[in-house]
Amino acid sequence: MNPMPVREKLLGTVKADYDVCIIGSGAGAGPVAFELVNAGFNVVMLEKGKWYDERHFKKDEQLARHRIFKSQFDKERHVLEEPDGDGGWSRDTTGQFWGGNVVGGASNFMSAYFHRLKPTDFRLLSTYGAIEGATVADWPISYQQLEPYYDKVEKIIGVSGNALKHQFLEPRSSENYPMRPTAEHPIVKLFDRACKTLKFTPLPMARGILTKPMNGRNSCEYSGYCGSYGCHSGAKASSRAALLDSIKDKSNFTLLTQSKAYRLNSDKTGQATSVDYFDAKGRSKSITASRFVVACYSIESARLLLTSVGEKHPKGLGNNHSQVGKNLHCCAGGTGHGIFNLTERDDKFAKAMKIRGPFFNRFLQDWYQIDDKAVSAKPIKGGTLDFVFDPPSPTSDISGLKWQSNGELLWGSPLKQKIKAHFTQSKDFKFEVFCDWLTHDECYVSLAMDEKDAWGIPVAKVTAGFHPHDVKVAQYLVDKGVEVMKAMGADEAYGNVWTSPTSNLMAGGCRFGNDPKTSVLNANCQVHDCDNVYVTDGSFMPNGGSVTPTLTIYANAFRVADKIKASLVS
Ligand SMILES: Cc1cc2nc3c(=O)[nH]c(=O)nc-3n(C[C@H](O)[C@H](O)[C@H](O)COP(=O)(O)OP(=O)(O)OC[C@H]3O[C@@H](n4cnc5c(N)ncnc54)[C@H](O)[C@@H]3O)c2cc1C
Ligand code: SF4
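*Asks:* Hey, could you run me through the nonpolar core in this one?
*Replies:* Nonpolar side chains in soluble globular proteins generally cluster together in the buried interior. With 142 residues, the main nonpolar core has L264 and F387 as its most contacted residues. Broken down by element, this core gets its largest block of residues, nine residues, from helix 13 (residues 550-569). Residue contacts for F387: discarding those within four places in its chain leaves F191, F360, N361, R362, F363, L364, F429, K430, F431, G481, V484 and M485.

*Asks:* Even after reading the chapter, I still don't get the packing of helix 6 (residues 188-198) against helix 12 (residues 468-487), so can you show me in this structure?
*Replies:* In helix packing, the relevant descriptors are the interaxial angle and the interaxial distance, both defined with respect to the helix axes. Packing of helix 6 against helix 12 leaves a shortest axis separation of 9 Å and a crossing angle of 115 degrees. Compared by their axis directions, helix 6 and helix 12 come out roughly perpendicular. In terms of crossing hand, the pair formed by helix 6 and helix 12 is right-handed. Contacts between helix 6 and helix 12 involve F191, A194, C195 and L198 from the first element and E483, V484 and A487 from the second. A breakdown of the residues in the contact of helix 6 with helix 12 according to their chemical character gives six nonpolar, no polar and one charged.

*Asks:* When you look at the site of ligand 1 in this model, what are you seeing that I'm missing?
*Replies:* Residues in close proximity to ligand 1 total 35 residues, the closest being G28, E47, Y113, A261 and T550. At 3.0 Å, a backbone N or O of A261 approaches a nitrogen atom of ligand 1. When ligand 1 is considered free in solution it has 1000 Å² of accessible area, and contact with the protein chains removes 95% of it. For the shell around ligand 1, the secondary-structure elements that each account for two or more residues are strand 7 (260-266) and helix 13.

*Asks:* Would you take a moment to explain the sheet that holds strand 17 (residues 443-452) for this structure?
*Replies:* In a beta sheet, neighbouring strands pair by backbone hydrogen bonds and run either parallel or antiparallel. One open sheet accounts for four strands, arranged 4-3-18-17; its pairing is mixed. At either margin of the open sheet sits one strand with a lone partner, and together these are strand 4 (89-94) and strand 17. Across the sheet, the axes of successive neighbouring strands diverge by a mean angle of 25 degrees, strand direction being ignored. With seven bridges joining them, strand 17 and strand 18 (residues 458-464) adopt antiparallel strand pairing. The residue of strand 18 that forms the bridge with L447 is A460. The strands that helix 8 (residues 298-307) touches are strand 3 (78-83), strand 17 and strand 18; relative to strand 17, the one it contacts most, it runs at about 60 degrees.

Conventions used here
- Residues numbered from 1 in each chain as written.
- Chains lettered and ligands numbered in written order.
- Predicted model: local features only at pLDDT ≥ 70, side-chain atom pairs only at ≥ 80, totals over all residues.
- Heavy atoms only, no water.
- Core = buried A, V, L, I, M, F, W, Y, C linked by side-chain atoms within 4.5 Å.
- Buried < 20%, exposed > 50% of the residue type's maximum accessible area, 1.4 Å probe, protein only.
- Helix = DSSP H or I, 4+ residues; strand = E, 2+ residues; numbered from the N terminus.
- Contact = heavy atoms within 4.5 Å.
- Axes fitted to C-alpha atoms, helices over the stretch in contact; angles between N-to-C directions.
- Parallel < 35°, antiparallel > 145°, perpendicular 65-115°, else oblique.
- Left-handed = near helix turned anticlockwise from the far one by under 90°.
- Nonpolar A, V, L, I, M, F, W, Y, C, P; charged D, E, K, R; others polar.
- Near = heavy atom within 4 Å.
- Polar contact = N/O pair within 3.5 Å; in protein donor to acceptor, adjacent residues only side chain to side chain.
- Areas by Shrake-Rupley, 256 points an atom, 1.4 Å probe, with all protein chains shown as cover.
- Pairing = 2+ DSSP bridges.

Okay, here's the thing in structure tokens:
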């Protein structure tokens, strides 16, 4: 295939360096590179981090989780504004919102809970109606249009699970997942019995984790250190392991690591012509291409568009209607715990509770729609409860244990006793609730003009107000989780609702839609007034569904790759 005529058509007599330049290498970028490189197009990818793979992902809590693979605060940061609880706003400079500064981005470190969205998530406004103060919108595409791509992703990257029938199961073209579910923790039996008593429907978790070897990747070794850790076996479906590894040596693919894009340039017609980036030595360089794909994680994608000012884009690329950065969202919800005192249980139970390795592997979706007059006169959108054993984090646990409930420090023997009891005498079993973080005018990304990164570029400011409706829904679901913990016999069971943003699950900020006045992208994820720029990370999502977003980001990126391919050959 020779796509040269397209480049010449787009850029006049100037020959572009590449057919497509992809910025970022995470979940929103990998599928586009994979599809276009395999179709023979000439692709360059700019990634600000380095290449790390299975050889580097050691299970060392401090090194692996926090230092090497993350952005450094003195170089890159964000400003976070949140409601202060007194009607005002607090402002802080934070290291949050960087999921992974490496090839494959945060997808290396995710837990890989891989739920699909459901048809109603694509029609939130028309199904449940407007909510005062929220900017809820329907998607410009339907679940049925995305479904073939969910199916494709599950097969290409290898998703394991068991699609059991239940009232909210989304329609599937393949009856089941391509791989059996991951191994189950023995305590699952107790959970299933408790759910049966409560008449809840326990479901096996779908994971972006291999349960049999595939394409040179090993199956899961149940290391017990999964979420927040890079995978040493290749089983986790990071963009790097599942997609980029297989194309990295192809002659039509160039991956430039330690290359941080900072501006997209556009011509007098408004089309993008080149991207400026800083290389590893801090030198400014430029690349031309006929198509550009932005996939830097929602906050950074909005930031890049906002800094890309041009003659036709005086407020930033695609921002003529002041929509870039708006409609930012994440997962609303909460966390709950069941504390099981092991000293008063029989040995068999205590031993089972202490087993590390197999996943807990259960979730509940009985309340994906809440139809309960005690909460609302009409049905409202609900959410998902995922049940988990957290990976052990001994040093951060100990760091928390040093504090007493009165806020004073504990030390010496009492601290040693507390640490011993924590690790040997009780077990904390956890659940996480995910529901919609409604989009509204007080949750958005803008540029903090008074705070620059190490390259002199204004950092992104995240203004993260939450909508009171989310708290009501989250509390309802947290209460259900606590009910389960109690039915399992927990000695203590409690939960909290989040009102701060889940910094690893951000999406939106460049919503797609049919109206340029209320969206940034069209249905193909092209910027409305600059159609050779596509945004393929979670920024496009008008709402996140009541699940973690990455399977949907992958599926949509495969869908957009098809649109880009079609545009390159037309
Ligand atoms: C600990 C953790 C657990 C998670 N668990 C789950 C889960 O269980 N299920 C789930 O669905 N999701 C989970 N996630 C979220 C998931 O990782 C993200 O949804 C997904 O990775 C987002 O994809 P992305 O392409 O938008 O961003 P990323 O995957 O983060 O990729 C963005 C990439 O762009 C690069 N980049 C940014 N700016 C620039 C620039 N200017 N120039 C060049 N490169 C740039 C970054 O370095 C990064 O590599 C988790 C995340 C974390 C951190
Ligand atoms: S538990 Fe499995 S998928 Fe997760 S990091 Fe370990 S080997 Fe990889």
